[in-house]
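Inside the fold
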Amino acid sequence: MRWLLKVVATLVIVTLVSALAWLSVLQSRFGPSLLAQTTQLVSGYQLSTDTVSYTFSEPLHIALKDVSLTPPDGETQHLNSVAATLSLNALLKWRWEFEELSIAAPTLTLDTLAQLPSHRAHRLSLRDVSWQTPTSDASGVHFSAANWHFDGKSHQFGGPFQLQIADIHWHGIALEQLLITGERTASLWQIEAMTANGLGGTLSFSGDIDSRQGAYVEQLTAHKIKLDANTLAALQQVSPLWHNVDIAQISIIDSHIDLPDLKVQNLNANLAHWRWPAKMSEQQNGTISLTADSILYHDQLLDEPIIELGFDLGTARLELLSLTYNNGLLLASGLASDNHLALDELRLTGLEWLAEPQVLQGLSDYWQRWEEISINKLSIGNSQITYATPEFPVQLNGINISGDSVTLRRQHRNGLWDGELSVNLARGYFNQIALRQPALKMRSEQGNWTIAESFLPFDDGLLVLEGDVRLTEQGIPWQLDLNGNNIPAAILPSWLHFPINMEGQWDLQLAANGLAENATYARYSLDMEGQAQFRDVALLDNTTDNAHTVVAEVNATPFTISSQRGVVTMQPWRLFGQGVEIKTQGRWDLTQRSEFTLQGRTQCGDITQAWTPDLPWVATDQEASVCLGTIR
């Protein structure tokens, strides 16, 4: 027994003396050579270093500079420095295990890390690292993580970590001074804070990223960023990488968008309680708010827009829409579902709008997408609209429209289904015909649409309309009465494409009715009786140099027109005078889409004009003299 104790004591002493000798040599100029031999013996890796720093005060800590490490079957890797504090397990279990491991290597890549021997580190620090992958390129990387281990195939860690990158290009997005702090457990990355300079501004983020279940955005803020076409293309490439994202809040502050068809100045926007990539109709309690100095969409400028929206299971709440468009202030609020637009208020004042066909078509397409449109309070005041088409220019001045509880579309059909609506103009111009303070008042209850008052005052005349439409009845029957006094004769060439200019007055009495279910119903069902009496009629020269010059004073016989089941019959009507003979008569069968023809003779030549039943009426054949001309 005494002999055994002597043997054990001797072995311990020898081991301690050997360890002290080994450590002593490690501090000498032979330290690099000794460490290289030990490393190759333990792991099979070839190691060379210029400097080894070691002290007895920290017996488990060692620092190396200018290190070259060659795997048994790999390329030599160069490291600027390595600092390591061995764990006691490294001695007890004879493996590479460190309390702390710090590596600095500007040329270190992910492939380099994969060639290191299997190891564990309670705390890993990588400094001045760079990497390149097919989708990213980074330099000036500083990374620290807890509970790091490498099994020869993959790197893993769990616990707190920090990542700092001086420059990174990720899927075409350039970021600078990226700093991320957080914690990782299994597949979950908890990002406590992320900041970066990029997209022309600054970015910050906090939230969770789970590689299996999706992500949670607690806060994403973009400040003074600039979004252009290249940046948008890069973001569109990245967006498919994100799936099942719950968003608590995304904020864009003092930012700009510069795209070919969209420019936004000083944008401030907020998105909250959102689920990506779910549709708007699938959101629960989601909100969007937006303000900007201006939005230029194609050629349409919106100044100082304010939008506040809420979404909840198929219903969108428009809390507030406020903007200035062509000097007009627009205010709106209400609800929208998949097929129903219900506005609490729509107010527009001071609009000065030069309407363009493509914009009108866009508004029409948007209108047609809704099955039902209702407005509780409608108010349009002191506005002006100009539609400058060569075929039929229109200018409306001093527009005032008010409506209470109006339904303007139902079952995909336009009309006044419910409510009261009044329209007033200070002055209107319809293809050179002026109206002074025209007024229209309508009301409807459960689809019984009635024109209560309708006055179209001309400079010296008046046209009164009365009628009703029963929108809920089969076929949608309608009836209309027109009564006019001193109507300007210039309406005929301006509105009805009469082939010659004329002046004078006429009185009109017309009653019509039919069905408005569709175009076929309208053609087959039209019944009408009308008469007109003309007086003081004169034909005018409509050439540019001699406009409004009387070239012939004529007489006119009474004009009588009727229709039964879509067949329009016109009694003989004549304009006659010295050197002038113009007459019309015949039948116009709307059901057969036939043409109506006017023929005449003047001292300047013959006139022939044909109309088709399609609106707007267009002449299909025109012949006239130079002195009388054809105005359309």
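Here the structure is shown first, and the text comes after it.
Bear in mind the structure is a predicted one, so any value in this text is a computation, not a measurement.

**Considerations on the environment of D246**
- By secondary structure assignment, the location of D246 is in strand β14 (residues 245–258).
- Through-space distance from the C-alpha of D246 to that of V217 is 6.1 Å; in sequence the pair is 29 residues apart.
- Apart from residues lying up to four places away in sequence, D246 is in contact with A215, Y216, V217, W274 and R275.
- Within the structure, D246 has its side chain in polar contact with the side chain of R275 (distance 2.5 Å).

**A few points about the nonpolar core**
- The biggest cluster of nonpolar side chains holds 70 residues, and the ones touching the most others in it are L101, F143, W148 and I165.
- Excluding anything up to four places from it in sequence, L101 contacts V82, A83, A84, H119, A121, R123, L124 and S125.
- Ranked by size, the runner-up nonpolar core spans 35 residues in total, among them A489, L526, V568 and I582.

**Re the packing of aromatic side chains**
- One pass over the structure, following the stated rule, counts 13 aromatic pairs.
- Taken together, a centroid distance of 5.2 Å and an interplanar angle of 90 degrees make the contact between W274 and F311 edge-to-face. Linking W274 in strand β15 (residues 262–276) with F311 in strand β18 (residues 300–312), this pair joins segments that are 37 residues apart in sequence.
- Under the relative-accessibility criterion, W274 is labelled buried at 9%.
- Under the relative-accessibility criterion, F311 is labelled buried at 4%.
- Look at W506 and F534: their rings are 5.4 Å apart centre to centre, the planes differ by 10 degrees, and that puts the pair in the stacked class.

**Some details on a nonpolar patch on the surface**
- A surface patch of nonpolar side chains, amounting to about 300 Å² of accessible area, comprises W170, W242 and W276.
- With respect to the secondary-structure elements, W242 resides in the loop between α5 (229–238) and β14.
- Judged by its relative accessible area of 34%, W242 falls in the partly exposed class.

**Here we look at unusual backbone geometry**
- In this structure, P277 follows W276 across a cis peptide bond, with omega equal to 5 degrees.
- Along the chain, P277 turns up in the loop between β15 and β16 (284–291).
- Backbone geometry places N285, a non-glycine residue, at a positive phi of 60 degrees.
- Residue position: N285 is located in strand β16.
- Of note in the backbone geometry, H298 takes a positive phi value of approximately 55 degrees without being a glycine.
- With respect to the secondary-structure elements, H298 resides in the loop between β17 (294–297) and β18.

**A closer look at the pairing of strand β11 (residues 201–210)**
- Strand direction decides the pairing type here: strand β10 (residues 188–198) and β11, joined by nine bridges, are antiparallel. Its bridge partner lying in β11, Q190 is registered against D208.
- Between β10 and β11, which pair antiparallel and follow one another directly, the connecting turn spans two residues, one of which, L199, has a positive phi of 55 degrees.
- Where β11 meets strand β12 (residues 214–223), nine bridges bridge the pair, whose relative direction is antiparallel. Opposite I209, over in β12, you have A215 as the bridge partner.
- The antiparallel hairpin formed by β11 and β12 contains three residues in its connecting segment.

**What to know about the environment of T315**
- Summarising the element assignment, T315 is placed in strand β19 (residues 315–325).
- Between the C-alpha atoms of T315 and M280, which are 35 residues apart in sequence, the distance is 8.7 Å.
- Ignoring any residue separated from it by four or fewer positions in sequence, one finds T315 in contact with G310, L335 and A336.

**With respect to α5**
- Restricting attention to buried positions, one finds in α5 the residues T231, A234 and V238. Buried positions in α5, seen along its axis, are confined to an arc of 60 degrees and lie on one side of it. Within α5, the exposed residues directed more than 90 degrees away from the buried face are Q236 and Q237.
- Taken together, the buried residues of α5 touch β8 (159–170), β9 (173–185) and β13 (226–228).
- Where α5 begins, the capping side chain belongs to D228, and its oxygen is found 3.3 Å from the backbone nitrogen of N230.

Quick notes on the rules
- Residues numbered from 1 in each chain as written.
- Predicted model: local features only at pLDDT ≥ 70, side-chain atom pairs only at ≥ 80, totals over all residues.
- Heavy atoms only, no water.
- Helix = DSSP H or I, 4+ residues; strand = E, 2+ residues; numbered from the N terminus.
- Contact = heavy atoms within 4.5 Å.
- Polar contact = N/O pair within 3.5 Å; in protein donor to acceptor, adjacent residues only side chain to side chain.
- Core = buried A, V, L, I, M, F, W, Y, C linked by side-chain atoms within 4.5 Å.
- Buried < 20%, exposed > 50% of the residue type's maximum accessible area, 1.4 Å probe, protein only.
- Phe/Tyr/Trp six-rings, centres within 6.5 Å; stacked < 30°, edge-to-face > 60°.
- Patch = residues over 30% accessible without salt bridge, like charges linked within 9 Å, V, L, I, M, F, W, Y side chains within 5 Å.
- Areas by Shrake-Rupley, 256 points an atom, 1.4 Å probe, with all protein chains shown as cover.
- Salt bridge = Lys/Arg side-chain N within 4 Å of Asp/Glu carboxyl O.
- Pairing = 2+ DSSP bridges.
- Arc of directions from axis to C-beta.

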